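Observations on the model geometry
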Amino acid sequence: MVSKKSKAVGLLLTTAMTMSLVSACGSSNDTSTAGNTSTDTKTNNETASNEGTETTGIDTSKKVELQFYMLGNAPKDLSKVEAEINKMALEDLNATVKFNYTTWTDWDQKYKLLLSTGQNVDLIFTADWTQYQQYAKKGAFLALDDLLPKAAPTLQAYVPQDMWDAVKIDGKIYTVPSTYKEYVTNGFVWREDLRKKYDLPTPVDMKTFEAYLEGIKQNEPKLQPVSFGPDILNSLVGTYLDVQRKNVGALPYGLYASYDKPSEMTSYWGSADQLADLKLFKSWVDKGYFSKNELNETESMQDKIANGTAAAILGDNPTRYNATASKMKSLHPDWELGYTPFGVTNGYATPVHPIHNGFAIPNSSKHADRALAFYEKLVTDKRYNLLTEYGIEGVNYTVEDGYYKMLGDANTNGFAREAMNGWAWRNPEFMLFEPSYDGVKAIFDELDKIQKPDIFTGFAEDYTEYQSERAALEQVVKQYLQPIVAGQVDDLEGQLQKFMDKANQAGLQKIQEAYKKQWLAYLSEKGIQ
Amino acid sequence: MLKKKGILRELYTNKILFFMLLPTMLYFFINNYLPMVGIYYAFVEFDFNKSLFHMNFVGLKNFEFLWKSGKLVELTLNTIGYNVVFILLGNVLSITVAILISEIKGKVFKKVTQSILFLPYFVSFVILSVIVFNLFNYEQGVLNSVLQQLGFDPVDVYSKPKLWIFFIIIFYLWKNFGYSMVIYLAAITGIGEDYYEAAKIDGANAFQRAWHITVPMLKNTFVILLLFALGSIMKGQFDLFYQMVGNNGLLYSTTDILDTYVYRSLRVTFDMGMATAAGVYQSLFGFTLIMVVNAIIRKINKDYALF
């Protein structure tokens, strides 16, 4: 009796737990299998049949559905816009398009899976921060060189030739770059109202920035002068190297080369320069400029400015500075935020590299020609472009004095400005801005006067031969270097030595040498001295 | 004759039952067995332009990164160590509390206590990390504010790795024990009143009743929960560790588990081979462990074994 009853309870439990197991597996599997089952049934060999014919233009006799993938969250009114787009696309190209969004949760994992599982994807967003260079190098995307004149001659002519050249990886074009010129270079951000109140110097270089921090610390002891967040290797070291040592780009593996002499690549890690910099950072922690526990900070740097818990950011880009400023203004109307682009300090600024925003066609696409033709419409046809960037005119937005005006507010409007994250298909000729964007435009105009090309982003690293060393090194950096940067250790020299020992054990030298070799080859290929 | 056609006959006589089983079997085959083909990814060099079985076979090269840093043993031990403590302490705590709650007589009070204890289970780990940060951060944390008010020196909790062993265990228990407690509570409700009445008549006090009736009756539930937990012993509580420790390398010596290690290594690369290799290592280890423990339990008492 006893065992029977307990057995029954046990059985019930087992069933319940198995059910939960099953449903848990189910939900995670659904996402991965859904794509496979939805594989287009209307498989046809258009590309193959097209290659035979010499004429320009593409065969649109068969109706197809294009799978379009973008990162981030889909806007509420996406289905309405999609329906409008499909009406036109059906007429123009005998195609319909399905706009898919990955959401920002684990987007990098999903992106990886979209490309590596052979799922049916016809158009996908690319950027330097989605590792376009590496994916292209490994053959994830279709080379567009031959397809462009045939499927999208207007687009080919519309994008300037030097941009097409800039996105080439190993001599081939794999993505359609955005032609909108912007700057994502960094600049000092600080609370202008506090600076005025205590008569502190305006940050224009490291010296004045430090003086500002000191002033804040003395006058507002409760306020954290500057914040960096957990990603301190970028937000502090990377930015510092950028403004103070004119680093050519965000070079990995502790390598360093100046913008003026890119071919002279040396190891920053273990150098006297690094030790000096670390001492400086440590002194900042000791003076209380930033928190001892920056690595565990849970609020973003921008939020801390907006809600008044920090007084400066070492470096942020103009667009984000503008967003932070308006967020802060909405919470505290009487506060002000100041900005000095690093271009003022260094005398040059690099406009965004064409790789920064683009769309590629994965190798697995079955309708590459139609996809490219559709993308041409998206960029160069005003109807398509306005619809996908700003929504439906009169419903989602209106144009007032040449400015974009949202109807309703962010909660009621189902399609905010650029809600489809259409950064890549922005067309400068059709673009509409909000009045608040004038500040950013003014910064861009300033930077235009001192612009120099970005020579780093075009480089595509191939780490196949050292990828296990690379993964091991990542661990060492996180475990040993990061705490030193964050000012958590007192014995700087000793800990730095320990970090270097561990890094060398993990294969730092092999990685650095291999990277340097590739870098020099890239420089000579592009003719950069 | 009958014996020879055993299986076929069995299939025939119980055809309805087998038919009802079919969807489940199909489900498991498609969702859990078919994808196992992907294990092969761990042994090839990934290539976008080839199908799985045409990629270059590279043997164990993808597993290299696991031991290249010399941390594999430490990580495995950390992962298992934490889980063993979680399982043991978690179960002891939830059984104790479940018994205490079941003894509460007031119905409203009982429900309220139960709900309050269950509540932390629904707190997201991200929120937990914010709570922890606000408790312990050096400059403005609650702990240091109190210490300074009392005239002590502030403590930098985030640079003391040993302390975190306790914090992680404490926060894990705080967050999770409510869940298993409810399961035990359900099991206790299933125990017949007559045992207790008989014991009462024989003069057993509340402790004796709990120790001699409730605890033995919960053994079965405990074993099942234990086996389920063991299966995932190599899969650490990723959210918990990742959110609480995050980027703080100083704490890794005591708080790094396989999951966080693999995550950190692979978020910089997109190599399918290495990611799969890590998964295969975890699964194989977990599989071996559950087989061994189940075999041991089977030896001791067949009724309690999972299969």
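Keep in mind that this is a model prediction, so the values were computed, not measured.

**A word on the overall build of chain B**
Looking only at helices and strands, chain B has 15 helices and 2 strands in total. On C-alpha atoms alone, chain B measures out to a radius of gyration of 25 Å, which is more than a quarter above the 19 Å that the 2.2 N^0.38 rule sets for 307 residues. By residue count, 41% of the 307 residues in chain B fall in the buried class. Contacts spanning at least 24 positions in sequence make up 66% of the contacts within chain B whose residues lie at least 6 apart. Taken as a whole, chain B presents about 17,400 Å² of accessible surface, with 70% of it coming from carbon and sulfur. Mean positive and mean negative side-chain charge positions of chain B (25 and 18 charges, respectively) differ by 11 Å.

**Thoughts on the pattern of salt bridges**
Residues and elements named next belong to chain A. For the structure shown, the criterion picks out 26 salt bridges over all chains. Salt-bridge contacts for lysine 282 lead to aspartate 286; the nearest nitrogen and oxygen are separated by 3.5 Å. Taken together, the residues lysine 282 and aspartate 286, both in helix H12 (residues 272-286) and 4 residues apart, mark about one turn of the helix. We classify lysine 282 as buried; its relative accessible area is 8%. Here lysine 282 makes a salt bridge to aspartate 490, at a shortest N to O gap of 3.1 Å. Note that lysine 282 is positioned in helix H12 and aspartate 490 in the loop between helix H19 (467-485) and helix H20 (492-506), a separation of 208 residues in sequence. One salt-bridge network, in which partners are shared between bridges, spans Asp92, Lys377, Asp381 and Arg383.

**Overview of a nonpolar patch on the surface**
On the surface, a nonpolar cluster with roughly 910 Å² of combined accessible area is contributed by Phe19, Leu22, Leu26, Phe29, Ile30, Tyr33, Leu34, Met36 and Ile39 of chain B. With respect to the helices, strands and loops of the structure, leucine 34 of chain B is situated in the loop between helix H2 (15-33) and strand S1 (44-45).

**Looking at the packing of aromatic side chains**
In the structure shown here, the tally under the stated rule is 65 aromatic pairs over all chains. Taken together, a centroid distance of 5.9 Å and an interplanar angle of 35° make the contact between phenylalanine 118 of chain B and tyrosine 121 of chain B tilted. The class of tyrosine 121 of chain B is partly exposed, set by a relative accessible area of 29%. Between the aromatic rings of phenylalanine 136 of chain B and tryptophan 164 of chain B, the centroid separation amounts to 6.1 Å while the plane-to-plane angle is 80°, which identifies the pairing as edge-to-face. Taken together, the residues span a long stretch of sequence, with phenylalanine 136 of chain B in helix H6 (residues 125-136) and tryptophan 164 of chain B in helix H8 (residues 161-189) at a distance of 28 residues. Both residues of the pair, phenylalanine 136 of chain B and tryptophan 164 of chain B, belong to the buried class. One aromatic cluster in this structure is built from Phe68, Phe99, Trp104, Trp107, Phe125, Trp129, Phe359, Phe374, Tyr375, Tyr384, Trp423 and Trp425 of chain A. It is lysine 175 of chain B that lies over the ring of tyrosine 121 of chain B; its NZ or CZ is 5.8 Å from the centre. Just above the ring of phenylalanine 125 of chain B sits the side chain of lysine 175 of chain B; from NZ or CZ to the centre is 4.4 Å.

**Notes on the pairing of strand S12 (residues 403-406) of chain A**
Residue and element names in this part refer to chain A. What you see with S12 is a clean split: Tyr404 and Met406 sit on the buried side and Tyr403 and Lys405 on the side with no burial. Taken together, the 4 bridges between strand S11 (residues 397-400) and S12 define a ladder with antiparallel strand orientation. Among the inter-strand pairings, tyrosine 397 is bridged to a residue of S12, identified as methionine 406. Two successive antiparallel strands, S11 and S12, enclose a turn made up of 2 residues, where aspartate 401 displays a positive phi of approximately 50°.

**Focus: the UniProt feature "domain: DUF3502" (unreviewed entry) in chain A**
As recorded in UniProt, the feature "domain: DUF3502" (unreviewed entry) lies at residues 456-523 of chain A. As annotated, residues 456-523 of chain A has a helix share of 74% and a strand share of 0%, and its two end C-alpha atoms lie 9 Å apart.

**Description of the UniProt feature "transmembrane region" (unreviewed entry) in chain B**
Residue and element names in this part refer to chain B. With numbering matched to this structure, UniProt assigns "transmembrane region" (unreviewed entry) to residues 80-104, 116-136, 163-189, 210-234 and 274-297. Annotated as residues 80-104, this span is 96% helix and 0% strand, and its ends, taken at the C-alpha atoms, are 36 Å apart. From the first C-alpha to the last, residues 163-189 spans 39 Å; its make-up is 100% helix and 0% strand.

**Let's talk about the interface of chain B and chain A**
Every contact between the two is made by 59 residues of chain B and, on the other side, 52 residues of chain A. Here chain B is connected to chain A by 0 salt bridges. At the junction of chain B with chain A, the criterion picks out 9 residue pairs in polar contact (both at pLDDT 80 or more). The element best represented in the side of chain B that touches chain A is helix H11 (residues 219-231) of chain B, accounting for 5 residues. In terms of residue class, the side of chain B that touches chain A is made up of 28 nonpolar, 18 polar and 13 charged.

**A closer look at helix H4 (residues 107-116) of chain A**
Three or more residues of H4 of chain A are buried, namely Trp107, Tyr111, Lys112, Leu114, Leu115 and Ser116 of chain A. In this structure, the buried side of H4 of chain A is in contact with strand S1 (64-70), strand S3 (123-126) and helix H5 (132-137) of chain A together with helix H14 (258-266) and helix H15 (272-300) of chain B.

**Overview of the environment of serine 159 of chain B**
Mapping serine 159 of chain B onto the fold places it in the loop between helix H7 (142-149) and H8. The sequence separation of serine 159 of chain B and leucine 251 of chain B amounts to 92 residues, and the corresponding C-alpha distance is 6.8 Å.

**What to know about the packing of H6 of chain B against helix H12 (residues 238-245) of chain B**
Two packed helices can be described by the angle between their axes and the distance between those axes. All names here are of chain B. Two elements in contact, H6 and H12, have axes whose closest approach is 8 Å; the angle formed by their N-to-C orientations is 35°. Crossing handedness for the pair H6 and H12: right-handed. Contacts from Phe125, Val126, Leu128, Ser129 and Val132 in H6 reach Asp239, Leu240, Gln243 and Met244 in H12.

**Focus: the sheet that holds strand S9 (residues 337-341) of chain A**
Residue and element names in this part refer to chain A. Across the sheet, 3 strands lie side by side as S8-S5-S9; this open sheet has antiparallel pairing. Each end of this open sheet is capped by a strand with a single partner; those strands are strand S8 (312-316) and S9. On average, each strand axis in the sheet is tilted by 20° relative to the strand beside it, whichever way the strands run. Of the strand pairs in this sheet, strand S5 (residues 187-191) and S8 are connected by 3 bridges, and their pairing is antiparallel. Residue pairing in the sheet places tryptophan 190 in a bridge with alanine 312 of S8.

Conventions we followed
Residues numbered from 1 in each chain as written. Chains lettered and ligands numbered in written order. Predicted model: local features only at pLDDT ≥ 70, side-chain atom pairs only at ≥ 80, totals over all residues. Heavy atoms only, no water. Helix = DSSP H or I, 4+ residues; strand = E, 2+ residues; numbered from the N terminus. Rg over C-alpha atoms; globule rule 2.2 N^0.38 Å. Buried < 20%, exposed > 50% of the residue type's maximum accessible area, 1.4 Å probe, protein only. Contact = heavy atoms within 4.5 Å. Areas by Shrake-Rupley, 256 points an atom, 1.4 Å probe, with all protein chains shown as cover. Lys, Arg positive; Asp, Glu negative; His and termini not counted. Charge placed at Lys NZ, Arg CZ, Asp CG, Glu CD. Salt bridge = Lys/Arg side-chain N within 4 Å of Asp/Glu carboxyl O. Patch = residues over 30% accessible without salt bridge, like charges linked within 9 Å, V, L, I, M, F, W, Y side chains within 5 Å. Phe/Tyr/Trp six-rings, centres within 6.5 Å; stacked < 30°, edge-to-face > 60°. Lys NZ or Arg CZ within 6 Å of the ring centre and 35° of its normal. Pairing = 2+ DSSP bridges. UniProt positions renumbered as here; feature names shortened; annotations may be inferred. Polar contact = N/O pair within 3.5 Å; in protein donor to acceptor, adjacent residues only side chain to side chain. Nonpolar A, V, L, I, M, F, W, Y, C, P; charged D, E, K, R; others polar. Axes fitted to C-alpha atoms, helices over the stretch in contact; angles between N-to-C directions. Left-handed = near helix turned anticlockwise from the far one by under 90°.

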